[in-house]
Amino acid sequence: MLLGGAALLIAVVIPLVAPDYLVPLLGKFLCFGIAALAMDLVWGYAGILSLGHGLFFALGGYGMGMYLMRVIAGEGVYRSNLPDFMVFLDWKQLPWYWHGFQSFPFAMVMSLVAPGVLALVFGWFMFRSRIRGVYLSIVTQALTYAATLFFFQNAAGFGGNNGLTDFKRILGASLHDPGTRKLLYVASAIALFGTYLLCRFVVTSRLGRVVTAVRDAELKTRFCGYESTNYKLFIWTLSAMLCALAGALYVPQVGIINPSEMQPSNSIEMAIWVAVGGRGTLGGAVLGAWLVNGGKSWLTAALPSAWLYALGALFVAVTLFLPDGLVGLGSKVGSKFRSKSLRPPT
Amino acid sequence: MSAIPVTPLEDDDRPTPISSAPIPAAARPELALWVENLSVTFDGFKALTEVTLTLEKGELRCLIGPNGAGKTTLMDCITGKTRPDSGAVYLESRMNDLTKLSECRIAELGIGRKFQRPTVFQGHTVYENCELALAGKKGVFRTLFARLSAAERTRIDEILELIGLQDHAKRQAGLLAHGQKQWLEIGMLLAQAPSVLLIDEPIAGMTHAETERTAELLRSLAGAHTVVVVEHDMEFVRSIARRVTVLHQGKVLAEGPMAQIQKDPRVVEVYLGV
Ligand SMILES: Nc1ncnc2c1ncn2[C@@H]1O[C@H](COP(=O)(O)OP(=O)(O)OP(=O)(O)O)[C@@H](O)[C@H]1O
Ligand SMILES: [Mg+2]
């Protein structure tokens, strides 16, 4: 009921009443909500503190960006069949990995599958060598850092530090048209609720219980006959793909994707969203993403240099005072209130 | 598995040599598990040296020995947690050398284990703990869509009643008392329905009455299952043991019926005499 009401409000009412200039910003928040769910799945439920999820988000974004570039082939500044940055680099041919991206379905599948395969392979090595805890966080952070450096290179074929931008159309609709932006917003809202329902299904299934059991006592699950590595790999890969979905929806709404999207601090921010909202709650993670990003939008406008300090302070404060995040605080206050109101009058 | 007759206690009075000399085929009992020349070192420290041990199907064996004798390490090797430097562990046939398999594969083959320190899934309810332990296929996608069948529900209810936690089914396992956690872990072991049970110090933290119930439970499990119990409480060992193996400094010091072990001067010197 509550969920349905919220879904209706977010997906239908807001795009009708919000001013046009706000729609892409709110759409962006919905994408962050999806990424927060992905992060909560892997950290909150499986105890895997990934500090590399920004990479999967960005890769999904690049997949979408490649479609948006290819679909306007011939309409760039140089009227070439190649994207402008390739012409600028004096490339004569489309690199092999750009083929097929003019097709929307292909690009969408690749946006999810490529990050998924990367997560699967990387995760397999990581979990098989029993890397966990702080080491895992560092390794994932290193992965996204390495990827940033790679994407910065012009030779990589992803537009170097400028990334991919100057998009014009998606599926024939102009990206500058407010109507298209509203549709993208609605698509993001639907994706958010779909992701929420999927995550809910996963964490309430027996698999979800096994995954939390692996988090709490991995060896015991192995002695119960569960190959814990496969369970971690499943959640990790699913989470990476959901993050990629968020990135793919994000890019047409912000109009650009470049390597700064995968820089290490972005991944850390994702972890902070979840910590603020409350780990292992799904809804709390989304709430955390919205509050932190709301604060960020406001603060970067009012006091641009203060954001990083504020973020650091927030992280320390949450770690010290709100170990279960806002949702944990809410349920604590709620139960106190209830026990007070239930107490017989003296 | 259930067709194995319970060996009467009196039968166990004959002394058996520890040596791995072949037993005549006619007299050879069906073996559940055997350990051959197992050696483990930790940074040069010999935790186990050439340990050889055979377990007959359906027997209840007690493993005793002073602290640091290597009892837990032996269980670690059997269950795949620790890889031995040399030696082998076979389950039922020579086809399965357990020292080459993963923990979950070994569990799947039918070896269940209770840890020395009670280990349950703290964040899950008592009921969910039993659900997770239930026997069955444990692949990722199967688990994603798994639902408890009516038979499984009945089984869990039976187990909860047996371990006396039926009123705590919805309670978070982390909130249980120490003794209750021990019981829950035993219950999970039952849910897993293994053919060989390795039970490390089951009665620590239990009251006298609980200890007696544990002894009763273990005795009832033997026969249909092969049970190995590690315990320091000699009275408890006496109450359940048919055969006893004494480990000392990583070696098998003696093996035989309890009555004989208690009189063995070497055992008295290193362990019982204390
Ligand atoms: N992972 C390990 N690394 C290093 N040493 C170890 C390890 N595990 C066990 N040991 C050592 O091996 C020896 C045997 O330990 P083990 O736990 O098997 O003894 P135990 O017979 O179970 O003793 P207790 O009755 O105290 O439980 C001990 O000296 C212990 O310190
Ligand atoms: Mg021990």
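Not measured: the values here are computed from a predicted model.

Calculation criteria
- Residues numbered from 1 in each chain as written.
- Chains lettered and ligands numbered in written order.
- Predicted model: local features only at pLDDT ≥ 70, side-chain atom pairs only at ≥ 80, totals over all residues.
- Contact = placed C-beta atoms within 7 Å.
- Helix = DSSP H or I, 4+ residues; strand = E, 2+ residues; numbered from the N terminus.
- Nonpolar A, V, L, I, M, F, W, Y, C, P; charged D, E, K, R; others polar.
- Near = placed C-beta within 6 Å.
- Pairing = 2+ DSSP bridges.
- Axes fitted to C-alpha atoms, helices over the stretch in contact; angles between N-to-C directions.
- Buried ≥ 20, exposed ≤ 12 C-beta atoms within 10 Å, placed from the backbone.
- pLDDT = per-residue confidence, 0-100.
- Parallel < 35°, antiparallel > 145°, perpendicular 65-115°, else oblique.

Colleague: For this particular structure, what's the right way to read the interface of chain A and chain B?
Modeller: By a frequent convention, interface size equals the accessible area lost on bringing the separate parts together. Each partner contributes residues to the interface: chain A has 20 residues there, and chain B has 21 residues. Among the secondary structure elements, those contributing two or more residues to the side of chain A that touches chain B are α8 (206-223) and α9 (228-254) of chain A. Ranked by residues supplied to the side of chain A that touches chain B, first place goes to α8(A) with 12 residues. Broken down by class, the residue content of the side of chain A that touches chain B amounts to 10 nonpolar, 4 polar and 6 charged.

Colleague: Sorry, what's going on with the site of ligand 1 here?
Modeller: Residues and elements named next belong to chain B. Lining the immediate environment of ligand 1, one finds Phe-42, Ala-47, Gly-65, Asn-67, Gly-68, Ala-69, Gly-70, Lys-71, Thr-72, Thr-73 and Gln-116. Element by element, the count of residues in the shell around ligand 1 is highest for helix α1 (residues 71-78), at 3 residues. Residue composition of the shell around ligand 1, grouped by class: 3 nonpolar, 7 polar and 1 charged.

Colleague: Just to check I follow, could you spell out the sheet that holds strand β10 (residues 251-257) of chain B for this structure?
Modeller: In a beta sheet, neighbouring strands pair by backbone hydrogen bonds and run either parallel or antiparallel. All names here are of chain B. The sheet built from 6 strands is open, its strands ordered β6-β7-β8-β3-β9-β10 with mixed pairing. If you trace the sheet from one side to the other, it starts and ends with β6 (111-114) and β10, each paired once. When strand polarity is set aside, the average angle formed by the axes of neighbouring strands in this sheet is 15°. As paired elements, strand β9 (residues 243-248) and β10 share 6 bridges and run antiparallel to each other. Each residue of the ladder has a partner; that of Arg-243, found in β10, is Pro-257. Each of β3 (60-64), β6, β7 (196-200), β8 (226-230) and β9 is contacted by α1, which is oriented at about 150° to β7, the strand it contacts most.

Colleague: Sorry, what's going on with α1(B) here?
Modeller: Think of an α-helix as 3.6 residues a turn; residues three or four steps apart then line up on the same face. Residue and element names in this part refer to chain B. Most of α1 sits inside the fold, with 8 of its 8 residues counted as buried. Listed in full, the buried residues belonging to α1 are Lys-71, Thr-72, Thr-73, Leu-74, Met-75, Asp-76, Cys-77 and Ile-78. Positive phi appears at Gly-80, one or two residues downstream of α1, with a value of about 90°.

Colleague: What is the right way to read the confidence of the model for chain B from this model?
Modeller: Caution applies to low-pLDDT parts of the model: their predicted coordinates are not meant to be read in detail. Residue and element names in this part refer to chain B. Per-residue confidence for chain B averages 87 on the pLDDT scale, and 88% of its residues sit at or above 70. Per-residue pLDDT, averaged within each element of chain B, yields its smallest value for strand β5 (residues 93-97) (77) and its largest for helix α3 (residues 126-133) (97). Below pLDDT 50 for its whole length, residues 1-21 participates in 25 contacts with residues either more than four positions away or in separate chains. Across the predicted assembly, pTM comes out at 0.90 and ipTM at 0.88.

Colleague: What should I look at first to understand the packing of helix α1 (residues 2-17) of chain A against helix α7 (residues 178-204) of chain A in this one?
Modeller: Any two packed helices are characterised by the angle at which their axes cross and by the distance between the axes. All names here are of chain A. Where α1 contacts α7, the two axes come as close as 10 Å, and the packing angle between them is 175°. Considered as vectors, α1 and α7 are oriented roughly antiparallel to each other. Two secondary-structure elements touch here, α1 through Ala-7, Ile-10, Ala-11 and Pro-15 and α7 through Lys-182, Tyr-185, Val-186, Ala-189, Ile-190 and Phe-193. For the contact of α1 with α7, the per-class residue count stands at 9 nonpolar, no polar and 1 charged.

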